[in-house]
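Descriptive structure summary
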Amino acid sequence: MNKGIFSIPVHKSNTNVEVVLNEVFKQTIKADEWGLKEAFFGEHITDKHEKIASSLMMVASLSKVTKKIKLGSLTTNLNFFNPATAASLISMVDNLTNGRLILGVGSGANMSDVEAINSIDKENHSISLESLDIIKKLLNSDDLIDISSKNFKVSTKKFGSKKLGLGYFNGLYNQRDNLEIVMPALNKNSYNVKLCAKNQWSIVISNFCSESIIENHIKNYLNNSPLNEKEALKKIKLSKLIFVHEDKSMAKKLVYSEDSPFMNVTDIIFNKLKTFNKHSCFGEGVENVLDAAKSIILFGDPEEVTKKISDKYGNLSSIIYITVPITGNENFDKSLENFSRHVKLQ
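Report on the accompanying structure.

1. Topic: the nonpolar core
In this structure, F41, I242, F282, I309, Y313, I319 and F339 are the most contacted members of the largest nonpolar core, which totals 102 residues. No other element matches the seven residues that helix α10 (residues 261-275) contributes to this core. Once residues lying within four places of it in the same chain are set aside, the contact partners of I242 are F262, L298, V305, I309, I319, Y321, S335 and F339.

Right, dumping it as structure tokens:
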């Protein structure tokens, strides 16, 4: 089972952008040094709490200061781009990473983002999938392009020139054909889960999902995948808020404390989702932050956390650690290192 990190990241609204991005850099570089296999980055353009505006830019900026860790967008909102632009950026980023890109596909989870680009009344999920289909064709093209779909037209036939080398799209690193595509899974009976299963794409189950919702996502993926069970399970990644302390009793004492960054992250996200009546992912009957935290945060010493992950999720592809803000309190700030270095998964 692989281990990874996901930098959404969730901070207090008054945290400077520079501070947020520097923390993401530091945590990702350390994750690479500590041997984690995957690092994902969120993307929102109008969110004071989540300040990565472009996950692809985050991947590009980390491409030359990391060595082995795969770098993933979670998600690149394809409905925000013309597919020609998106394909070109994806190609460039994959080549910068020497083929370490994992492409997360979305359509904008924050409605304020969707409003900002004047797309509230559009079929954004369908548009993203339509764009993805064109992008895949562009990345694999070796000739001038002329593609039309419901919402897009991409053509280089009029001004393209073989002699001048104009009108041609670059492909992925070494023309590879194994780009991993992932989509997030949040609420029960998620359409993304069924879609990914049928297409043999991966899913990342949200860190805000209760155990029953996690089970629902896994069951629906298996039921809709043409792969055998073992192969299908290796397409499922699970992100979690995980607090690892050397002392089991201290982990229990601190995890729900007032100073806990794990509680602060839960508080911000729970209140966002509850405002829009989308908080059912935390579990049936969960109506306050503490109950939400108890539903989703996994904690303990390295041995206990290893056992909890292995017993419940050991047959999945990856467990993805949600990064939290650096606090200056070593009890919390060493959690990622403890997870990376001391949680031993098979």
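Structure shown, so let's carry the discussion forward.
2. With respect to the packing of helix α2 (residues 55-62) against helix α3 (residues 83-96)
Between α2 and α3, whose axes approach to 9 Å, the crossing angle comes to 25°. Judged on the interaxial angle alone, α3 and α2 are roughly parallel. Regarding α2 and α3, the two cross each other, and that crossing is left-handed. Residues L56, V59 and A60 of α2 form the contact with α3, whose own contacting residues are L89, I90, V93 and L96. Taken together, the residues of the contact of α2 with α3 break down into seven nonpolar, no polar and no charged.

3. Here we look at the pattern of salt bridges
Counted by the stated rule, this structure contains 15 salt bridges. For the salt bridge of K30 with E33, the shortest nitrogen-to-oxygen distance reads 3.5 Å. Taken as a pair, K30 and E33 lie in helix α1 (residues 17-33) at a separation of three residues, close to a single helical turn. On the basis of relative accessibility, which here comes to 35%, the residue K30 falls in the partly exposed class. For E33, a relative accessible area of 55% corresponds to the exposed category. The partner of K308 in a salt bridge is E304, with the nearest N and O atoms 3.4 Å apart. Highlighted residues: K308 and E304, both in helix α12 (residues 302-313), separated by four residues, approximately one helical turn. Taking relative accessible area as the criterion, K308 reaches 27% and is therefore assigned partly exposed. Look at the salt bridges and you will find they share partners, linking E38, E180 and K237 into a network.

4. Some details on unusual backbone geometry
A cis geometry characterises the amide bond from L74 onward to T75, with omega recorded as 10°. Inspection of the secondary structure puts T75 in the loop between β3 (70-73) and β4 (76-77). One non-glycine residue, Q175, lies in positive phi territory at about 55°. Relative to the helices and strands, Q175 is located in the loop between β7 (153-155) and β8 (180-185). Of note, N189 is a non-glycine position whose phi angle comes to about 55°, a positive value. Assignment of secondary structure puts N189 in the loop between β8 and α6 (191-199).

5. Quick word on the side chain of N216
Note that N216 resides in helix α7 (residues 211-224). Setting aside its immediate chain neighbours within four residues, N216 contacts K188 and N189.

6. Here's the deal with the packing of aromatic side chains
A complete count under the given rule lists six aromatic pairs for this structure. Ring plane angle 50° and centroid distance 5.9 Å describe the contact between F208 and F282, whose orientation is recorded as tilted. Residue F208 is found in the loop between β9 (202-205) and α7, and its partner F282 is found in the loop between α10 and α11 (289-296); the two are separated by 74 residues along the sequence. In terms of burial, F208 and F282 fall into one category: buried. Where Y256 meets F299, the ring centres are 5.8 Å apart and the plane angle is 80°; that geometry is what we call edge-to-face. Of this pair, Y256 sits in the loop between α9 (248-254) and α10 while F299 sits in strand β12 (residues 298-300), placing them 43 residues apart in sequence. Three or more aromatic residues link up through ring pairs in this structure, and these residues are F208, F270 and F282. Taking the ring centre of F339 as reference, the NZ or CZ of K3 above it sits at 5.3 Å. Positioned above the aromatic ring of F299 is the side chain of K308, whose terminal nitrogen or guanidinium carbon lies 4.8 Å from the ring centre.

7. Observations regarding the pairing of strand β10 (residues 236-240)
With respect to burial, β10 is a largely interior element, five of its five residues being buried. Of the two faces of β10, the one lined by I236, L238 and K240 and the one lined by K237 and S239 are each fully buried. Sheet topology places β9 next to β10; three bridges connect them, and they run parallel. Along β10, the bridge assignment pairs V204 with K237. Note: β10 against strand β13 (residues 318-322), four bridges, orientation parallel. When the sheet's bridge partners are listed, S239 is paired in β13 with I320.

Each value, and the rule that gives it
- Residues numbered from 1 in each chain as written.
- Predicted model: local features only at pLDDT ≥ 70, side-chain atom pairs only at ≥ 80, totals over all residues.
- Heavy atoms only, no water.
- Core = buried A, V, L, I, M, F, W, Y, C linked by side-chain atoms within 4.5 Å.
- Buried < 20%, exposed > 50% of the residue type's maximum accessible area, 1.4 Å probe, protein only.
- Helix = DSSP H or I, 4+ residues; strand = E, 2+ residues; numbered from the N terminus.
- Contact = heavy atoms within 4.5 Å.
- Axes fitted to C-alpha atoms, helices over the stretch in contact; angles between N-to-C directions.
- Parallel < 35°, antiparallel > 145°, perpendicular 65-115°, else oblique.
- Left-handed = near helix turned anticlockwise from the far one by under 90°.
- Nonpolar A, V, L, I, M, F, W, Y, C, P; charged D, E, K, R; others polar.
- Salt bridge = Lys/Arg side-chain N within 4 Å of Asp/Glu carboxyl O.
- Phe/Tyr/Trp six-rings, centres within 6.5 Å; stacked < 30°, edge-to-face > 60°.
- Lys NZ or Arg CZ within 6 Å of the ring centre and 35° of its normal.
- Pairing = 2+ DSSP bridges.

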